[in-house]
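Remarks on the overall topology
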Amino acid sequence: MTIANPVYSTRTCRYGAEALREAALLIRAGEPVAVPTETVYGLAADATDTHAVAAIYSAKGRPSFNPLIVHVAHMDMARTLAHFSATADRLAERFWPGPLTMVLPVRADSGLSHLVTAGLPTVALRVPAHPAMRALIRESGRPLAAPSANRSGSISPTRAEHVLASLNGKVRMVLDEGPTSEGLESTIAAPETDRIRLLRPGPITADMLGEATGLPVVAAKADAAIEAPGQLESHYAPAKPVRLDALRAETNEYLIGFGLMPCHINLSPEADLREAGANLFAALHMADASAAERIAVAPIPMEGIGAAINDRLRRAAA
């Protein structure tokens with residue numbers, strides 16, 4: 001989609017040394033930059049600069065009560081922003097760098113903008129694995145707040161062209177490093193003394209969290225107050241109505257399949273849940289751009305990463 005009255009001329013630059021230097025200059029100047037992570041493309045800005053963080057909210061149309069994930073390069077940087085318990089240390093040792101975000105008590109001297117935490121006493125932290133995001137953190141010398149690089153509530157971007165379809169004219173630069181590998185946003189967990197609260201399912205499953213810590217993993221209550229990204233009831237949503245658990249396409253429906261079945265696009269003909277997760281948002285983008293009036297999605301098993309896929313689909317259909 002083309003923005004009718006663009007604020008900026010958005011440039012797409014293939015990731016490399018020159019593009020990285022330009023992106024870091026924009027970050028230090030207080031401008032958001034779209035950048036790939038292993039999960040989805042993020043809209044990154046200096047997490048210590050309130051004006052830069054406000055620019056993220058403005059470009060996305062994101063409600064201010066919805067906090068942001070702060071991306072850091074390594075544990076030393078993370079410890080300057082939050083307090084780590086023994087459980088948090090174990091999770092970081094096992095899953096960082098990678099698609100796990102932890103919600104931890106924010107340090108009083110963190111220097112983070114109050115907009116990042118949405119006024120909460122906690123901060124959502126992640127050490128990403130993608131080389132482009134890690135390099136941008138190092139090159140800019142800043143912790144980077146980075147929600148998904150799309151309009152708030154719409155389908156998350158897993159390719160540079162998805163970012164442009166949503167934010168063209170709203171940001172100055174998109175770093176393009178091809179499709180993301182995971183295709184689903186990070187798992188978000190809040191480690192506690194005797195349990196781990198799973199605030200958003202993702203590539204790191206509940207079983208993986210429990211195995212790493214020996215603690216029970218409990219799901220967040222559906223009516224709980226928002227304390228992390230991705231908890232809004234309607235989220236990741238295409239413009240068209242979405243019907244779940246569909247075994248066949250009805251009239252004027254675009255069917256997203258799983259396993260061997262007739263469909264318009266298949267998340268994984270081999271019924272591989274990892275492959276399905278990596279393809280989910282790209283398939284939703286294709287379905288939303290099709291001539292069909294509605295979208296239907298085949299049943300997805302709830303096992304493993306299937307819980308995260310079903311979470312995104314439920315919110316997309318809300």
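Look up a bit, the structure's there.
Nothing here was measured: the structure is a model prediction, and the numbers come from that model. (Residues numbered from 1 in each chain as written. Predicted model: local features only at pLDDT ≥ 70, side-chain atom pairs only at ≥ 80, totals over all residues. Heavy atoms only, no water.)

This part is about the packing of aromatic side chains. In the structure shown here, the tally under the stated rule is one aromatic pair. Cation over ring: Arg79 sits above Phe84, and NZ or CZ is 5.2 Å from the ring centre. (Phe/Tyr/Trp six-rings, centres within 6.5 Å; stacked < 30°, edge-to-face > 60°. Lys NZ or Arg CZ within 6 Å of the ring centre and 35° of its normal.)

With that out of the way, let us pick up helix H1 (residues 17-28). In this model H1 runs 17 Å from its N-terminal to its C-terminal C-alpha over 12 residues, within 8% of the 16 Å that 1.5 Å per residue would give. Buried within H1 we find Ala19, Leu20, Ala23, Ala24, Leu26 and Ile27. Along H1, the residues classed as buried sweep out an arc of 160 degrees about the axis, all on the same side. Along H1, exposed side chains directed more than 90 degrees from the buried face belong to Ala17, Glu18 and Leu25. Along its buried surface, H1 packs onto strand E1 (11-14), strand E2 (33-36), strand E3 (41-46), helix H6 (131-140), strand E7 (144-145) and strand E8 (173-176). (Helix = DSSP H or I, 4+ residues; strand = E, 2+ residues; numbered from the N terminus. Expected span 1.5 Å × (residues − 1). Buried < 20%, exposed > 50% of the residue type's maximum accessible area, 1.4 Å probe, protein only. Arc of directions from axis to C-beta. Contact = heavy atoms within 4.5 Å.)

Opposite charge on two side chains allows them to pair when their charged atoms are near. Taken as a whole and assessed by the stated rule, the structure comprises 17 salt bridges. For Arg315, the salt bridge is made with Asp311, and the minimal N-O distance between the two is 3.0 Å. On the criterion of helical spacing, the pair formed by Arg315 and Asp311 is a turn pair, its members being four residues apart in helix H10 (residues 306-317). Residue class for Arg315 comes out buried when judged on its relative accessible area of 8%. In this structure Asp311 comes out as buried when scored by relative accessible area, which is 8%. (Salt bridge = Lys/Arg side-chain N within 4 Å of Asp/Glu carboxyl O.)

A few words on the sheet that holds strand E15 (residues 294-297). Read from one edge to the other, the open sheet built from four strands follows the order E12-E15-E13-E14, with strand pairing classed as parallel. Single-partner strands in this sheet number two, and they are strand E12 (242-243) and strand E14 (265-266). Two strands pair when backbone bridges link them, and E12 and E15 are joined in this way by two bridges, in the parallel orientation. Opposite Val242, over in E15, you have Ile295 as the bridge partner. Here helix H9 (residues 273-289) sits on the sheet in contact with strand E13 (253-257), E14 and E15, set at roughly 165 degrees to E13. (Pairing = 2+ DSSP bridges. Axes fitted to C-alpha atoms, helices over the stretch in contact; angles between N-to-C directions.)

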